[in-house]
Amino acid sequence: MKPVVTAGEMKELDRNTIESAVVPGMVLMERAALKTVEAMEKYLCNKDRVLVVCGNGNNGGDGMAIARLLHLKGIKVGIYLAGQEEKLTDQARQQLQIAKYYQVPLEHNLQPDEYTIIVDALFGVGLSRPVEGRYAEIIHMLNQSGAFRVAVDIPSGINGDTGQEMGIGFQADLTVTFAFCKRGLCFYPGRMYAGELIVADIGIYADQDREPSMAYLEKGDLSMLPSRIPWGNKGTFGKVLLVAGSRGMCGASCLSSAAALRASAGMVKVQTVEENRIPLQTQLPEVMVTCEFNEKSNQEMLDWCDVLVIGPGLGMSGESRERVQWFLSHAAWCGKPVILDADGLNLLAMHEEWKKYLGGQVILTPHLGEMSRLTGKSIGEIRENLAETASLYAEETHTVCVLKDACTVVASEKGKKYLNMSGNAGMATAGSGDVLSGVLAGVLCMFLAAEKKPAYGQMAALGVLIHGLAGDMAAENVGERGMTARDIIRFLPEVLKMQ
Ligand SMILES: NC(=O)C1=CN([C@@H]2O[C@H](COP(=O)(O)OP(=O)(O)OC[C@H]3O[C@@H](n4cnc5c(N)ncnc54)[C@H](O)[C@@H]3O)[C@@H](O)[C@H]2O)[C@H](O)CC1
Ligand SMILES: [K+]
């Protein structure tokens, strides 16, 4: 698990290291330069010609140090100062002095096409307004060149907090960011501008009590998943009750059930309507189907299950409304974990009074449209503030909120947030959300079966990671264009096998 920071948090950590830990800024700059050159090694050969384009700030200072290190390694390199020397920060000025001492060539004309590698050291976390004028022209020229492009800390022009392009963004093939990943490198389009992303440790650490509030999980975090006890039986590995499906809507129940089984649940029972019984049982013989809906059988189902998934393919009928209300309220009373998805969320949006049934063991999985209905905010406003919107709603409802987008945010009521770095555009396909609801149920089952219960936010973040990794495997095998939700299900076991 890796922390993710805002530009402001990064500057604070930077300042804290320099002032409290008394690590000179120049030392941090040298380390930043060394790590960047190290990351460039595998792309470098002595025939390369490198151009380092420097701004006035410390991002530019990093660039000058990088140029000097490359020069001393015998690489042909030149520095192009995009700003004015008199406006350089102290550290950038010192770095320029050092570069001049070692006779690093200064280029006065910008001719990107003469170089095979271009290093963008214009702006980093100090970007404070849209890029215009001469700087915009420079970035445009650099993007036009056929050179291999390296960004220092953040691709210039990309907002370090939101990932939005401010005027024009440098299109990097490789970004070496220092100390911690910035939020703007996780959200789109920032993530696309970054290219290959390397987070370089340069000796800046967060104090325990100032841990950044956001993190992302990596493949290695699958090691958190508990192993299956050898003596278990199908009941041991988690029983999922899926309240799903309605007249003419059976597909979502199939996808969610199949995903739960593929994500390690031991048993799945679907509470649905009579006309879905045959199609479900035909497509998924492993799944039990019941069409009962009465006090006695509902209570038996609730007592039987470990986790509920409520919502896929439910529709908005009065009958569906009753099913959601009964299971949501009774699950709350007995503290059973619930994943509330799709029309379960749309019905919640219409029944404010159901919020009393929500709590820490409830995971909401809205996409932007469902979130708009739940919060009354516009989709545009939500997309601009994904993390804050998810966090606010999680706090308001005391739940875990999985706000689904290209970069899904998982927010828990205690303010912890996770960004998902797995997945791809091929997953924007019908049923992908139904699959996620099943995967989340499967992951909860894993932990419940092992009698471990990390925070629901962390379990949900693991489920989102697994869903995305399966989607990445599907894209590698069948391509993004042609993949379907069932391809994601197909690769779930491969992902879990990796752990
Ligand atoms: N975080 C770390 O551990 C380290 C960071 N380092 C590097 O320092 C930069 C941040 O440097 P800073 O001086 O704060 O700002 P920038 O260099 O990012 O910004 C340059 C300068 O540009 C001006 N500016 C901002 N926006 C615009 C604009 N749109 N048009 C024109 N000019 C603009 C602004 O006034 C800034 O002064 C960080 O990213 C790292 O690369 C340390 O060197 C190593 C440790
Ligand atoms: K940069």
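Residues numbered from 1 in each chain as written. Chains lettered and ligands numbered in written order. Predicted model: local features only at pLDDT ≥ 70, side-chain atom pairs only at ≥ 80, totals over all residues. Heavy atoms only, no water.

1. Observations concerning the coordination of the potassium ion (ligand 2)
Okay, step 1: Bound to the potassium ion (ligand 2) on the protein side are Asn59 (OD1), Asp120 (O), Asp120 (OD), Phe123 (O), Val152 (O), Ile154 (O) and Ser156 (OG), at distances that span 2.6 to 3.1 Å.
Okay, step 2: Each donor residue of the potassium ion (ligand 2) belongs to the same chain, and together they define the spacing N-x60-D-x2-F-x28-V-x1-I-x1-S. Taken together, the residues Asn59 in helix 3 (residues 58–72) and Phe123 in the loop between strand 5 (117–121) and helix 5 (133–144) connect sequence positions 64 residues apart. The residues Asn59 and Phe123 share a single accessibility class, namely buried. (Donors = N, O, S within 2.8 Å, 3.2 Å for Na, K, Ca; no water. Helix = DSSP H or I, 4+ residues; strand = E, 2+ residues; numbered from the N terminus. Buried < 20%, exposed > 50% of the residue type's maximum accessible area, 1.4 Å probe, protein only.)

2. As for the site of ligand 1
Okay, step 1: Taken together, 23 residues form the shell around ligand 1, and within it Asn59, Asp62, Gly124, Asp153 and Ile204 come nearest.
Okay, step 2: Between ligand 1 and the protein, one listed contact pairs an oxygen atom with a side-chain N or O atom of Asp153 at 2.7 Å.
Okay, step 3: Coverage of ligand 1 by the protein chains reaches 84% of its 850 Å² of free accessible surface.
Okay, step 4: Looking at the shell around ligand 1, the elements that each hand over two or more residues are helix 1 (7–19), helix 2 (25–40) and helix 3.
Okay, step 5: With three residues, the single largest contributor to the shell around ligand 1 is helix 3. (Near = heavy atom within 4 Å. Polar contact = N/O pair within 3.5 Å; in protein donor to acceptor, adjacent residues only side chain to side chain. Areas by Shrake-Rupley, 256 points an atom, 1.4 Å probe, with all protein chains shown as cover.)

3. So, a nonpolar patch on the surface
Okay, step 1: A cluster of nonpolar side chains, contributed by Leu72, Tyr101 and Tyr102, occupies part of the molecular surface with about 370 Å² of accessible area.
Okay, step 2: Residue placement: Tyr102 occurs in the loop between helix 4 (90–101) and strand 4 (106–107).
Okay, step 3: Given a relative accessible area of 37%, Tyr102 falls into the partly exposed group. (Patch = residues over 30% accessible without salt bridge, like charges linked within 9 Å, V, L, I, M, F, W, Y side chains within 5 Å. Salt bridge = Lys/Arg side-chain N within 4 Å of Asp/Glu carboxyl O.)

4. Considerations on the packing of helix 2 against helix 3
How two helices pack is summed up by the angle between their axes together with the distance between the axes.
Okay, step 1: Two elements in contact, helix 2 and helix 3, have axes separated by 8 Å at closest approach and are oriented at 55 degrees. Taken as axis vectors, helix 2 and helix 3 run oblique relative to one another. With respect to the hand of their crossing, helix 2 and helix 3 are arranged in right-handed fashion. For the pair formed by helix 2 and helix 3, the contact residues are Met29, Glu30, Ala32, Ala33, Leu34, Thr36, Val37 and Met40 on the first element and Asn58, Gly61, Asp62, Ala65, Ile66, Arg68, Leu69 and Leu70 on the second.
Okay, step 2: The residue inventory of the contact of helix 2 with helix 3, partitioned by class, reads ten nonpolar, three polar and three charged. (Axes fitted to C-alpha atoms, helices over the stretch in contact; angles between N-to-C directions. Parallel < 35°, antiparallel > 145°, perpendicular 65-115°, else oblique. Left-handed = near helix turned anticlockwise from the far one by under 90°. Contact = heavy atoms within 4.5 Å. Nonpolar A, V, L, I, M, F, W, Y, C, P; charged D, E, K, R; others polar.)

5. Observations regarding the UniProt feature "domain: YjeF N-terminal" (unreviewed entry) in the protein
Okay, step 1: In the numbering adopted here, UniProt assigns the feature "domain: YjeF N-terminal" (unreviewed entry) to residues 10–210.
Okay, step 2: A distance of 12 Å separates the end C-alpha atoms of residues 10–210, which is 35% helix and 18% strand. (UniProt positions renumbered as here; feature names shortened; annotations may be inferred.)

6. As for the sheet that holds strand 7 (residues 174–178)
Okay, step 1: Pairing in this open sheet of seven strands is parallel, and the strands run 4-3-2-5-6-7-9 from one edge to the other. Only two strands of the sheet have a single partner each, and these edge strands are strand 4 and strand 9 (196–200).
Okay, step 2: Both strand 3 (residues 76–81) and strand 4 contribute to a ladder of two bridges, which runs parallel. Along strand 4, the bridge assignment pairs Ile79 with Leu106.
Okay, step 3: On the sheet, helix 2 packs against strand 5, strand 6 (148–152), strand 7 and strand 9 and is oriented at approximately 155 degrees with respect to strand 7. (Pairing = 2+ DSSP bridges.)

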